Structures are given as C-alpha cells and as structure tokens.
Amino acid sequence: MQSLTPVPNASVPNTSTPHTSVPHTSLPHTSLPHTSAPHTSTPIFSDLVNDLCEIAFASMLRSDQRRWAEIYIRGLLSVDGRKTMRKIAGHDGGTIEQSLQQFISKSPWKWVPVRHALARHLDYLLRPQAWIVEPLVIPKSGAHSVGVERQFVPRLGKVTNCQQSVGIWLASERVSCPIDWQLALPPQWTSEPEQRDRAAIPGHVRSLTPTQCAVDAIVNIAEEWGLRRQPVVMEVHETDLFTVSHELASRSIPFILRVSGSTTVRAAGPEPAAGGEHWVSARHLLESLKSQLNSLGWPERNRPYSQEPTALLDTRVCLPLPPGSAEGRSRPFVLLGAWVERGGEYWISNIDQLPPAALFRAAGLTQRVAKDLTGVCRPLGIGDFEGRSFRGWHHHVTLVSVAQAITMIGKMRGQPVRAVPPR
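To keep things clear, this report deals only with the structure shown in the data block. Within each chain, residue numbers correspond to sequence positions counted from 1 in written order. Local features in this predicted model are restricted to residues of pLDDT 70 or higher, and side-chain atom pairs are both shown and tallied only at a pLDDT of 80 or more, whereas totals for entire chains, interfaces and linings draw on every residue. Side-chain numbers here rest on the full set of heavy atoms in the structure, without hydrogens or water.

### Side note on the overall build of the chain
Strands here mean DSSP runs of E at least two residues long; helices mean DSSP runs of H or I at least four residues long; both are numbered from the N terminus. The helix and strand inventory of the chain stands at 13 helices and 12 strands. Taking all 423 residues of the chain together, 51% fall into the buried category. Contact criterion: two residues are considered in contact whenever any of their non-hydrogen atoms come within 4.5 Å of each other. Considering only intrachain contacts with a sequence separation of at least 6, the fraction spanning at least 24 residues in the chain is 69%. For the chain, the accessible surface area stands at approximately 19200 Å², while carbon and sulfur atoms represent 52% of it. Classification of residues uses two cut-offs on accessible area relative to the type maximum, computed with a 1.4 Å probe and protein chains only: under 20% is buried, over 50% is exposed, and between them is partly exposed. For the accessible areas, the method is Shrake-Rupley and the probe is 1.4 Å, while residue cover comes only from the protein chains on display.

This is the structure in structure tokens:
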C-alpha cells in the first residue's frame, strides 16, 4: 500500500468502533472552528456546575463528600492564580480549609468511579475522534510530594526535579478534556517501605515509566470503561515501539503512534530469507518511495491551509523483533509520513483502511489537547496539588478534570455567566 496523496480539506473522520475490531471506515463529519480556551476566571453556568457534579459524583455515597467535591470544583473555577486550599476555602478559611484538606488528602472516596462517570458523559456529549495520551511534567522544588524525583525528562531534554504523569484525553476538533491520569512513580517510591507508607501508596501500585502507565491506562479504558473506541494517539520512543504497538494491536485497539524519522523499519512483503532483511530508517524508506512518484500533492500556491503538509505518503512496514522476543515474526503496520514546513513527521498505525489524510488529521488532534492543557487545564490547577499523599494527588487531578469538563461544555454552549460561589 504505497500512496502519495494531496491533502484535501477533510475533517477528522469518525473512527469509533465496537470493542472487538480496528476501525475500517470513516463517517462524514463537519469541521468545527477552533475557539480560544477561556481563562479560569471565565464565568460559567451555575446549573451546569450542579448538573455535571451530580453526574460525576453519583458514586459518592455520603452527601457531605458530594458537598465538599462541589465546593472544591467551584473554587477551582472561580479562584485566580495558584489553587491553594486557602484560596479555595475563601474568606471563611479555618474550618473549611481543614475540611477540604481532609476531603482531598484522606477521605476514602474512590476516584475511579468518578472518572468513569465523567468519561461516559463526555463520550456521549463531545463525540470525540481520538484518545490522546499527553505527558504532564510538574516541576517541584522539594522532595516530599508523592512521586517527585530528580530525573531526566526526555521531552524537556534535561534533568529536573519533578513529578511525571500522563493524561488520557478525549479530543475532537473543537474541544478536549482529560478523563484519566496516571502518576509515574520512580522505583524508590515503591521499593522503600517508609517512603511508600508516608505517601500511602497502595500495595498493588508498581513503579512504571510514563509510557507503561499510558499503555496500562489505555487498555483498562478500552476494555473496562464502556466507551466507543477511538484511535489512540501518542508519541513513542523507538525502544518502546515494538512493545506498545503489539500490546495495543493484540487487543484490537486502534492507534497512531508518533515516531522518530530514525526509527528502524523494513518494507512489508514476503518474509525475507535469513540474513536477507533490509532494515532502514523510516525517513529513508519514505524518501526513497517519494522520489519514485511523480505527484507531490498540492502545489504551494494551491494548498488549502498553510499548516497542511505538502504531501502524505503511507506504506506497509514491519518492526524489528526485540532480542529474546517469543514472536515468530513482526506483524505489518502502516508507516505514515508527512512533509510539512518544519520537516518530516512520521507515525506507525494499525489502521489500514483509512486514507493518509484521515490518519494525519486524527494525529493532529494532539494540537487541540496541547492548547487546552496550556489554556485551561494548567490555569485550573492541574499542577497545584501540594499534598504528599498518592490518594490526594489522584483526588485533586480528578476534580480538575471535572472542572475542565464544565469549562469546555460551557464554551461549546457559548453562554457563560458568572460562577456562583460555594453555597
């Protein structure tokens, strides 16, 4: 399957599928305009807050827990700047601040059912077109926050003192919202009993890399949450590519994985004789195929949008088996390349029945998430949790996700009003 195609002005296809197969068809969809993400002080509907809190917190059996959850949500939505317990408590302070601290850091309410309820509601309401894995690095000055370690962060290209986490986002062309968060714990946080006990880390929680956290979360969401499956879009380092692609493919989870141009591949086809495999970089393979074809897509003056690639090329490839792999041979995947102003972009996908333009548009939804993370999620306080407990971190990011959902739904409705303070 080697095709070089111009990029039409096509919207992201609806690639939702049942839980048993990779999508094979795209459905018509009308492109929606991008609108700027609101600042956290943007007023919102009081009835929207009430309605979404009722949906998200239905699993909380105690009315006081639902009450404190709503107070926290309203504080996230109405307080400017860093979201501290004191600011969220407001002028009353004192007892309210202590109660909120207890509710976030120690109260035994379960965050997973809240995320389930939020995800199902957003899946119905937003009609997402992709599940985006977005890494989140939270710099820290001290060493006591759960998961903090001085560590090398590939995305930053340097060593920094931070927490590393990943968010799973539902994304459409217009809005996006996180539905799950995983905190990547360095080995010392799970191997040292005193440190583990101090942060109240559950016994079943292991030390995993951000990539491992993301894959585990995606598999759990796909198989347990009852959502319509969408293409998983994430960036994967070459050392993790075989494991990630085969884990998702074996579970029929559709994916579009951003990879480096130096990623080693070989053209799919008849199995070569022993020692006859011809491995090259993804960049080299696509460039060689591109040079054999005449059409290079839209001429510069006729491109529909300046951000669009001049051309897209896809072909089927295999990945090298890792040392000691029990796999007899590598399954074929789609290698997608895009020629854009900033250079080549490359993806590996198991979706082989969609045109390159549709895959490229779905992969591009990472830009929607990056915009909403910066413009909405960070101002709402996703990195502001100051406590030391594993439970508290998960409680906080869960409630930030609910606050973001309220903000994004309000933006979709286009009728914001002043946020109502806690009742």
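Still more to cover.
### Structural notes on unusual backbone geometry
Within the chain, Arg127 stands out as a residue other than glycine whose phi angle is a positive 50°. Turning to its location among the elements, Arg127 is positioned in the loop between helix H5 (111–126) and strand S2 (130–139).

### Description of the pairing of strand S7 (residues 255–259)
With 4 of 5 residues buried, S7 lies mostly within the body of the structure. For strand S6 (residues 232–235) and S7, the ladder comprises 4 bridges, and the chain directions are parallel. Bridging across to S7, Glu235 finds its partner in Arg258. Sheet topology places S7 next to strand S12 (residues 343–349); 4 bridges connect them, and they run antiparallel. Residue Ile256 lies in a different strand from S12, and its bridge partner there is Ser349. Being paired, for any two strands, means DSSP has found at least two bridges between them.

### Observations concerning the nonpolar core
Here the nonpolar core consists of buried residues drawn from Ala, Val, Leu, Ile, Met, Phe, Trp, Tyr and Cys, with membership extended through side-chain atoms lying within 4.5 Å. Within the largest apolar cluster, 121 residues are counted, with the highest numbers of intra-cluster contacts made by Phe57, Ile73, Leu122, Val146, Ile348 and Leu399. A per-element tally of this core places helix H13 (residues 390–413) first, with 11 residues. The contact partners of Ile73, leaving out residues within four places of it in the chain, are Val49, Cys53, Phe57, Leu399, Val402, Ala403 and Ile406.

### Quick word on the environment of Asp240
The topology assignment puts Asp240 in helix H9 (residues 238–250). We classify Asp240 as partly exposed; its relative accessible area is 28%. When the C-alpha atoms of Asp240 and Gln212 are compared, they prove to be 9.0 Å apart, with 28 residues separating the residues in sequence.

### What about helix H1 (residues 46–56)?
All of the buried residues in H1 are Leu48, Val49, Leu52, Cys53 and Ala56. Axial view of H1: buried residues confined to an arc of 125°, hence all on one face. Here the arc refers to the set of directions running from the helix axis out to each C-beta atom.

### So, helix H10 (residues 282–291)
Residues of H10 that are buried: Ala282, Leu285, Leu286, Leu289 and Lys290. Taken end-on, H10 shows its buried residues confined to a sector of 130°, consistent with a single buried face. On its buried face, H10 is in contact with strand S8 (264–267), strand S9 (280–281), strand S10 (311–318), strand S11 (333–340) and S12.

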